[in-house]
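Residues per chain, in single letters:
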Amino acid sequence: MSLPSPHSRASVRPLPLDALYEVLLRVPAKDLCRLRAVCRPWRALLSDLNFIAAHAARHPEPLIVAAHHSDGLAAGHHLFGIMDLSGRVIKRVVRPGQKEWVMTALLDVVCVLTTNDMSYLLFNLATGVVSALPHGFAEEHSRRPRDISDYRHLVAVGKVASTGEYKVLRVLDKYFEQEQLCEVFTLDGSSHARWRGKKASPDSLHPHPWNRVTINGIVYFLSHEIVKDQGNLSLRIASFDLETEEWRAILRAPLNVRYIPIGNLSMASLNGCLVVIHYIRHWPSMDLWFLKDFEKGLWAKQHSIPLKSGFLYEDIPVRPLLVLNDGRILYYEEQKLLRIYDPKTCTSTDVAEIGPYYEIGWYTGSLLSLPEGAGA
């Protein structure tokens with residue numbers, strides 16, 4: 001076999017960088033992650049923040065963050081992971097054998113509570129950085145006679161739009177004693193950062209993790225309190241502004257709870273809107289009520305989605321996750337299924353069976369922004 005002539009070798013020229021940039025922008029992110037190994041210039045381009053942002057804008061692929069609780073029974077426990085809509089796990093976070101609870105998964109941050117000492121870890125999925133939060137009470141609450149482990153922990157994480165800072169809000173709830181403490185921590189990288197005690201909520205807050213949600217720096221909680229208005233009984237929704245670090249005016253939920261137990265309600269964020277979900281147990285379905293005007297307390301029921309099967313009273317069996325670009329709604333049902341509801345046909349289809357997860361949300365970052373070597 002004859003070798004190519006020098007003239008033919010000279011005629012093979014590399015693509016100009018701008019042309020290569022445009023070609024690679026069209027390639028799916030999961031393939032680009034492998035192409036980083038081609039050569040150093042490709043690795044540099046595919047790791048460039050401007051390229052990652054441009055690629056994410058062209059490929060708005062939704063990713064799911066799904067989390068277990070670790071019982072501390074086995075080393076190497078899969079605590080949480082990132083998966084695509086086919087159910088394929090792209091990144092796993094494996095922890096040594098210890099008892100840890102995932103408290104919240106939002107955007108690109110997962111908050112974990114280690115129950116042996118009630119300490120917190122924040123996992124930044126985009127950077128791979130794990131931040132340990134200070135132990136114990138805020139200084140304002142440090143003289144309390146009880147240990148922090150005597151309290152139930154209600155935790156939320158959000159980003160302040162004006163500063164880009166992440167903040168952690170925790171409400172420490174003393175079981176059956178009408179006591180709730182409110183504390184805030186700012187993740188600013190400072191070694192002197194601490195929990196700061198804040199005024200408690202005017203309402204007693206419901207502890208279930210799916211009864212609180214963070215939207216645009218505001219944390220919403222379903223309350224145990226009830227408003228009576230012209231014979232109707234409505235649940236109240238408390239909300240905390242992470243920027244001002246103050247509780248806002250109380251919001252009335254959209255449904256008459258005279259006939260609806262609080263166990264049939266939860267909350268979610270869809271398209272940047274606060275949504276109250278009403279589960280109808282005798283005819284398995286869920287109604288989605290969207291908040292239209294906070295100041296006026298106006299709500300609108302926009303969807304009624306049939307569910308696959310019935311469920312027990314104790315369960316909250318389904319969680320809406322996000323609205324896709326075409327208006328279809330992705331949700332998690334029966335503690336195992338990803339499903340998509342199409343409002344045009346009023347039907348749902350199974351997407352993937354992913355198994356039971358305690359906390360599930362969606363990841364807003366790009367696969368390219370995940371640390372290298374973070375695959376399953």
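Described in the following lines is the structure provided in the data block. This structure is a prediction, so every number in the text was calculated from the model and none was measured.

Details of the packing of helix H2 (residues 17-25) against helix H5 (residues 49-58)
Next, step 1: The geometry of H2 relative to H5 is characterised by a closest axis approach of 10 Å and an angle of 40° between their N-to-C directions. Accordingly, the angle class assigned to the pair H2 and H5 is oblique. Seen along the crossing, H2 lies across H5 with a hand that is right-handed. Contact residues: H2 offers Tyr21, Glu22, Leu24 and Leu25, while H5 offers Asn50, Phe51, Ala54, His55 and Arg58.
Next, step 2: Here the residues of the contact of H2 with H5 are counted per class, giving 5 nonpolar, 2 polar and 2 charged.

Quick word on the environment of isoleucine 64
Next, step 1: Within the element layout of this structure, isoleucine 64 appears in strand E1 (residues 63-67).
Next, step 2: In this structure, the C-alpha to C-alpha distance between isoleucine 64 and valine 89, residues 25 residues apart in sequence, is 9.1 Å.
Next, step 3: With residues near it in sequence (within four places) discarded, isoleucine 64 still touches Gly81, Ile82, Met83, Leu85, Leu321, Leu330, Leu338, Ile360, Gly361 and Trp362.

Structural notes on the pattern of salt bridges
Next, step 1: Following the criterion strictly, the structure yields 17 salt bridges and no others.
Next, step 2: Across the salt bridge formed by arginine 146 and glutamate 179, the nearest N and O atoms sit 3.6 Å from each other. Of the two residues, arginine 146 is situated in the loop between strand E8 (130-132) and strand E9 (151-159) and glutamate 179 in strand E11 (residues 179-187); the sequence distance between them amounts to 33 residues.
Next, step 3: Residue classification places arginine 146 among the partly exposed positions, given a relative accessible area of 29%.

Describing the packing of aromatic side chains
Next, step 1: Scanning the entire structure with this criterion turns up 7 aromatic pairs.
Next, step 2: The interplanar angle of 50° and the centroid separation of 5.8 Å between the aromatic rings of phenylalanine 221 and tryptophan 247 together place this pair among those described as tilted. Taken together, the residues span a long stretch of sequence, with phenylalanine 221 in strand E14 (residues 218-229) and tryptophan 247 in strand E16 (residues 246-247) at a distance of 26 residues.
Next, step 3: Clustering of aromatic rings is evident, with ring pairs tying together Tyr120, Phe185 and Trp195.
Next, step 4: The aromatic ring of tryptophan 195 is capped on one face by arginine 170, whose charged end is 3.8 Å from the ring centroid.
Next, step 5: Over the ring of phenylalanine 294 we find arginine 248, and its NZ or CZ is 4.1 Å from the ring centre.

What to know about the nonpolar core
Next, step 1: Formed by 27 residues in total, the largest nonpolar core has its most connected members in Phe51, Phe80 and Val110.
Next, step 2: Excluding its chain neighbours within four sequence positions, the residues that come into contact with valine 110 are Val65, Phe80, Val102, Thr104, Ala105, Leu121, Leu122, Phe123 and Leu125.

Rules used in this analysis
- Residues numbered from 1 in each chain as written.
- Predicted model: local features only at pLDDT ≥ 70, side-chain atom pairs only at ≥ 80, totals over all residues.
- Heavy atoms only, no water.
- Axes fitted to C-alpha atoms, helices over the stretch in contact; angles between N-to-C directions.
- Helix = DSSP H or I, 4+ residues; strand = E, 2+ residues; numbered from the N terminus.
- Parallel < 35°, antiparallel > 145°, perpendicular 65-115°, else oblique.
- Left-handed = near helix turned anticlockwise from the far one by under 90°.
- Contact = heavy atoms within 4.5 Å.
- Nonpolar A, V, L, I, M, F, W, Y, C, P; charged D, E, K, R; others polar.
- Salt bridge = Lys/Arg side-chain N within 4 Å of Asp/Glu carboxyl O.
- Buried < 20%, exposed > 50% of the residue type's maximum accessible area, 1.4 Å probe, protein only.
- Phe/Tyr/Trp six-rings, centres within 6.5 Å; stacked < 30°, edge-to-face > 60°.
- Lys NZ or Arg CZ within 6 Å of the ring centre and 35° of its normal.
- Core = buried A, V, L, I, M, F, W, Y, C linked by side-chain atoms within 4.5 Å.

Such coordinate-based values are descriptive only and should not be taken to indicate function.
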